[in-house]
Every structure is written in structure tokens, then in C-alpha cells.
Amino acid sequence: MKVLVTGGAGYVGSVVAAQLVAAGHEVVVLDDLSTGHRDAVPPGCTFVEGDVRDRAAEVLADGVAAVLHFAAKSIVPESVAHPELYWGGNVGVSLALLEAMRSTGVRRIVFSSTAAVYGEPERVPIREDAPVRPTNPYGATKAAIDAALTEHARMHGIGAVSLRYFNVAGAQDGRGERHATETHLVPLVLQVALGGRESVSLFGTDYPTPDGTCVRDYIHVADLAEAHLLALDHCVPGRHRIYNLGNGAGFSVRQVVEVCRAVTGHPIPVVPADRRPGDPAALVASGERARAELGWRPRRSELATIIADAWAFHSGGPRAEAAAARPAGGR
Ligand code: UDP
């Protein structure tokens, strides 16, 4: 099948694009390279550089049967400081894509949503019917797009699947996290092991969790990507279905650092710091629906496997060197 992958030069999008090519699909990647990398686009894909708003319709009109939509802005603190960038870059872009799908008759879409739509959950593990109460503009824009997909399914016969990611980490085939301003825990901890920073901050040590640090559900990017290929087969016209993607197991920030020490052999000093605004104490997915309906089976769910694959990416090869050489940014 011919598919359009928006944001296919980014972290998750490029891993999904590679799996789609491996599965025999014809893949067109559309990416403006604002945060993605040209060399992350897998061999075998057609690459179109540009903005979804300008280029989606012409790409879709050329025989595309389905869309996997990753192109988005995804840095929470940036979304708090510049919400307009997120409403335009996420909601505006997605509405333009849906309009292009309508005008060209493409009716299947898999959307990259997030656990951030749930905010501070009442119950853990979080099921898909939990209230949507985002605590930052990033989550709010993804929730708005989910709502738009529901309406487009109802009124325009779109078949949509939203996949709500928990904490994605790891790498596959030389494709890993390479953010200009890194804010995510696993790459930041590994930067310490690589000598790029002195220590890692523990953002909050007084949370109501077993060791006082936040608990998150870490999922391997390769497992996450596989769910997208399964989701493609579950885009049923007129229906919007939502799935949480996580392992259903939570690990604290301290536990993540401990596993990183074991994997890298580096002592990785930690420094207790203030809580980060908007961080819920614990976010753990119920992955039951994805397992039951999509037949999804995470195969690399051990935290040590996830971190070992991230470490292999960050510590070896030219891409890793480029990533490590970048100035350490973020929090
Ligand atoms: N975190 C931390 N130190 C860091 C980066 C992150 O303690 O340098 C914590 C953060 O507060 C959160 C967890 O690690 O509790 C995961 O953060 P990340 O930004 O990776 O993902 P999020 O859960 O915000 O999507």
C-alpha cells in the first residue's frame, strides 16, 4: 500500500517509516526538517521536504491510501512558553491535513497522540476512557486533534486510530532520539555517561511514589512502531479508535538512572532538584485494549533492553557522535 508518513525524518516517524518499508509498503515521507534529520529518512522512501499545509494535498493525490501523521511540535516547556506555536503547528497542521484528505478522498489515518492528554490521572494504570484533562498546551493540542478526528470519522467517514504514547525510548537500526534541545530523561542520563554533562537533575524527590521520584511507563520505540503497522489495518471508515501504548509497568526516575548505571558502567551522579511544573507523579498505561484489539505484543519491554539500545545508539556511530557533539540544552 502507498502511505504518507508526515514527520518521517523525526524519531518515532523514521522508525515507523523503516518498518513500513520493511513490510513492503510504498512510503512517502513529508517533513519540513524543522526538528527532523534528512539522514534519518530510511532508504527506500520517497522524501518530500516541505510543510504539510503546503504539500500534503499533492502527495495524497498521487495514489496514497493512508496517512501516518507524526509531524508535530512536542516539547512541553516550549508549549507552555509559546502556546501559539503549538496550536498552529499541531492543530493547524492537522486540520490542513484532514482537509487535504477530504479533498483527495484518502480515508485512513493513524495519529501520533500522547499520554499528556490525561494530565494528572485519577487512576493508574490509565485506560483509554480516563478523563482527558491535559495540564500543558502540548497535551491540549493533541487532545484537540483527537477530538477533531472523532468528528471527521463521524461526519466525513474517515477511519482513524490515535495512539497515545507513554515514555518512548530506545533506538532501532541507527534511528534514535536526536533533539536539538534535549529534555527527555533517558538521553539526558546517557549524556552524563558520555561525558557531555556532569550530572542529571532529579526533578522532584518528594512525590507520593515509593522513592519520591516520578514514575513513568517506558516503551521501546521499535515496539511502539509495530503498533502503528497494526493500527493501519484497524482504520475502519466512520470510526475513531484510541489506544494507549505502554508496557503497563512503571519505573521511577531513580530506577531509570540505576539501570543506566548498570548498562553504561558509569556512576552517573544525580542532583535533587525542584519539581518540574506540570509533571504528574505517575503515568502508567493500561495496554489491554491495544493487546486485545490490535493484537499488539511489545517484545522489547524490559527497561534494560530499552536503555541498552538507546546506549548503543548514543555511544556509537557517526549519528551518535553528531548527537553527542551538540551543545547540551534543555533542563
Ligand atoms: N526528569 C528528571 N530529570 C531530567 C529529565 C526528566 O528528573 O533531567 C523526569 C521528569 O520530571 C519526569 C521523568 O523524568 O518525571 C520523565 O521525563 P521526560 O521528559 O523524559 O518525559 P515526560 O514524562 O515528561 O513525557
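Residues numbered from 1 in each chain as written. Predicted model: local features only at pLDDT ≥ 70, side-chain atom pairs only at ≥ 80, totals over all residues. Heavy atoms only, no water.

S.K.: Tell me about the sheet that holds strand S11 (residues 240-245), and name the residues and values.
M.R.: Reading across the sheet, the seven strands line up as S3-S2-S1-S4-S5-S6-S11 and stay open at both edges, with parallel pairing between neighbours. Every other strand in the sheet has two partners, leaving strand S3 (46-49) and S11 as the edge strands with one partner each. The mean inter-strand angle of the sheet, taken between neighbouring strand axes irrespective of direction, is 20°. Pairing of strand S1 (residues 2-6) with strand S2 (residues 26-31) involves five bridges; the strand directions are parallel. Each bridged residue has a counterpart across the sheet, and for Lys2 the counterpart in S2 is Glu26. The strands touched by helix H1 (residues 11-22) are S1, S2, strand S4 (66-69) and strand S6 (159-165); relative to S2, the strand with the most contacts, the crossing angle is about 165°. Packing of helix H7 (residues 221-232) onto the sheet brings it into contact with S1, S4, strand S5 (108-114), S6 and S11, and relative to S6 it is tilted by some 165°. (Pairing = 2+ DSSP bridges. Helix = DSSP H or I, 4+ residues; strand = E, 2+ residues; numbered from the N terminus. Axes fitted to C-alpha atoms, helices over the stretch in contact; angles between N-to-C directions. Contact = heavy atoms within 4.5 Å.)

S.K.: Provide a residue-level description of the UniProt feature "domain: NAD-dependent epimerase/dehydratase" (unreviewed entry) in the protein chain, including the pertinent values.
M.R.: Following the UniProt record, one finds the feature "domain: NAD-dependent epimerase/dehydratase" (unreviewed entry) at residues 3-246. Strand forms 20% of residues 3-246 and helix 37%; the C-alpha atoms that close the span are 25 Å apart. (UniProt positions renumbered as here; feature names shortened; annotations may be inferred.)

S.K.: So, the site of the ligand: which residues are in play, and what are the values?
M.R.: Taken together, 15 residues are adjacent to the ligand, and Leu185, Ser201, Arg216, Arg276 and Asp279 come closest. Phe203 has a polar backbone atom sitting 2.9 Å from an oxygen atom of the ligand. Considering the ligand on its own, with 520 Å² of exposed area, one finds that the protein chains cover 89% of that surface. When contributions to the shell around the ligand are tallied by element, the ones reaching two or more residues are helix H6 (185-193) and strand S8 (200-203). Counting residues per element, the shell around the ligand draws most heavily on S8, at four residues. (Near = heavy atom within 4 Å. Polar contact = N/O pair within 3.5 Å; in protein donor to acceptor, adjacent residues only side chain to side chain. Areas by Shrake-Rupley, 256 points an atom, 1.4 Å probe, with all protein chains shown as cover.)

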